[in-house]
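Chain by chain, the residues:
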Amino acid sequence: MFGAPEADCGHHIKTGRVAILSLEFKITRDSQVLSQYYQLREQCFRSDLGLSGFDGSEDEQDRRSRILVALQGGRCVGGVRISTRVTLVSQLQQLGLDKERCCMWERFAIAPAMRTLGVFRDFSSYLVSASRDSGYENAMVLSSLPNARFYRRCHSALGVSFKIHRHVPHCAQGSFSGLEHYLSVAHLKRPDVQRVAI
């Protein structure tokens, strides 16, 4: 997902078999890797969303957030920002979400050559784990409806509840004005395991 909320990169999925070297997923503060991620998201948002003036360089929200990247041979081929600052206060209240236990997933970008179902599945799994490890029980996402539906499929396959709530037109600001925004919430809290006495 997730300043102003923004739309996600419009992902075109390849379902055929593609030879992909092993990927490493990690939270990083490495300036070289982050620079590669910022360049990648700028390219994705410009080409996929038609935002020719989009500036993907580091901003204040990036410095406050955790950045999860996918690396192939040491090169960044994907990334997402896990933002600790949720700006959708009225939506938090309407949905009954605890602000301290909620993050936003923002500025998701994957290199076009890496857009396979397997990569998305693995990335989603690491994103959920990284968010849980940071103490979050929910993650808010703003995206187009097709992306929201795809994210729901990926997360549902992982056993993570992902609900699409509604169109949020007032959230489209700056470069993202005019783009559709649907609010979704990934519910990250693991279900309580019932113990049965035998």
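Residues numbered from 1 in each chain as written. Predicted model: local features only at pLDDT ≥ 70, side-chain atom pairs only at ≥ 80, totals over all residues. Heavy atoms only, no water.

**A word on the nonpolar core**
Stage number 1. Counting residues in hydrophobic clusters, the biggest one holds 36 residues, and the most contacted among them are Ile 82, Trp 105, Phe 123 and Leu 188.
Stage number 2. Taken together, the elements giving at least two residues each to this core come down to helix H1 (31-49), strand S2 (66-72), strand S3 (75-83), strand S4 (102-110), helix H4 (117-133), strand S5 (138-143) and helix H5 (145-157).
Stage number 3. Per element, the largest residue contribution to this core is 6 residues, and it comes from H4.
Stage number 4. Setting aside residues up to four positions removed in sequence, Leu 188 forms contacts with Trp 105, Val 128, Ser 131, Arg 132, Tyr 136, Glu 137, Asn 138, Ala 139 and Val 160.
Stage number 5. Grouped together as the second largest cluster of nonpolar side chains are 10 residues, Leu 92, Cys 102, Met 140 and Val 185 included. (Core = buried A, V, L, I, M, F, W, Y, C linked by side-chain atoms within 4.5 Å. Buried < 20%, exposed > 50% of the residue type's maximum accessible area, 1.4 Å probe, protein only. Helix = DSSP H or I, 4+ residues; strand = E, 2+ residues; numbered from the N terminus. Contact = heavy atoms within 4.5 Å.)

**Section: unusual backbone geometry**
Stage number 1. Within the chain, Arg 107 stands out as a residue other than glycine whose phi angle is a positive 50°.
Stage number 2. Relative to the assigned elements, Arg 107 resides in strand S4.
Stage number 3. Looking at Arg 107, the relative accessible area reads 8%, which means it is buried.

**What about the pattern of salt bridges?**
Stage number 1. Here the structure, examined in full by the defined rule, presents 11 salt bridges.
Stage number 2. With a shortest N-O distance of 2.8 Å, Arg 115 and Asp 48 are connected by a salt bridge. Linking Arg 115 in the loop between S4 and H4 with Asp 48 in helix H1, this pair joins segments that are 67 residues apart in sequence.
Stage number 3. A residue is classified by how much of its surface remains accessible, and Arg 115, at 2% relative accessible area, is buried.
Stage number 4. The exposure class assigned to Asp 48 is partly exposed, which follows from its relative accessible area of 22%.
Stage number 5. Between Glu 60 and Arg 63 there is a salt bridge; the shortest N-O distance is 3.3 Å. Taken together, the residues span about one helical turn, with Glu 60 and Arg 63 both in helix H2 (residues 60-64) at a distance of 3 residues.
Stage number 6. Salt bridges linked by common partners bring Arg 41, Asp 59, Asp 62, Arg 81, Glu 106 and Arg 107 together as one network. (Salt bridge = Lys/Arg side-chain N within 4 Å of Asp/Glu carboxyl O.)

**Considering the side chain of Arg 41**
Stage number 1. The topology assignment puts Arg 41 in helix H1.
Stage number 2. Aside from chain neighbours lying at most four places away, what touches Arg 41 is Phe 54, Gly 56, Ser 57, Glu 58, Asp 59, Asp 62, Arg 81, Arg 107 and Ala 109.

**So, the confidence of the model for the chain**
Stage number 1. Per-residue pLDDT for the chain averages 85, and the proportion of residues at 70 or more is 81%.
Stage number 2. Confidence scores differ between elements of the chain, with helix H3 (residues 89-95) showing the lowest mean pLDDT of 87 and S3 the highest of 98.
Stage number 3. Contacts of residues 1-19 to residues separated by more than four positions or lying in other chains number 85 contacts, the stretch itself having pLDDT below 50. (pLDDT = per-residue confidence, 0-100.)

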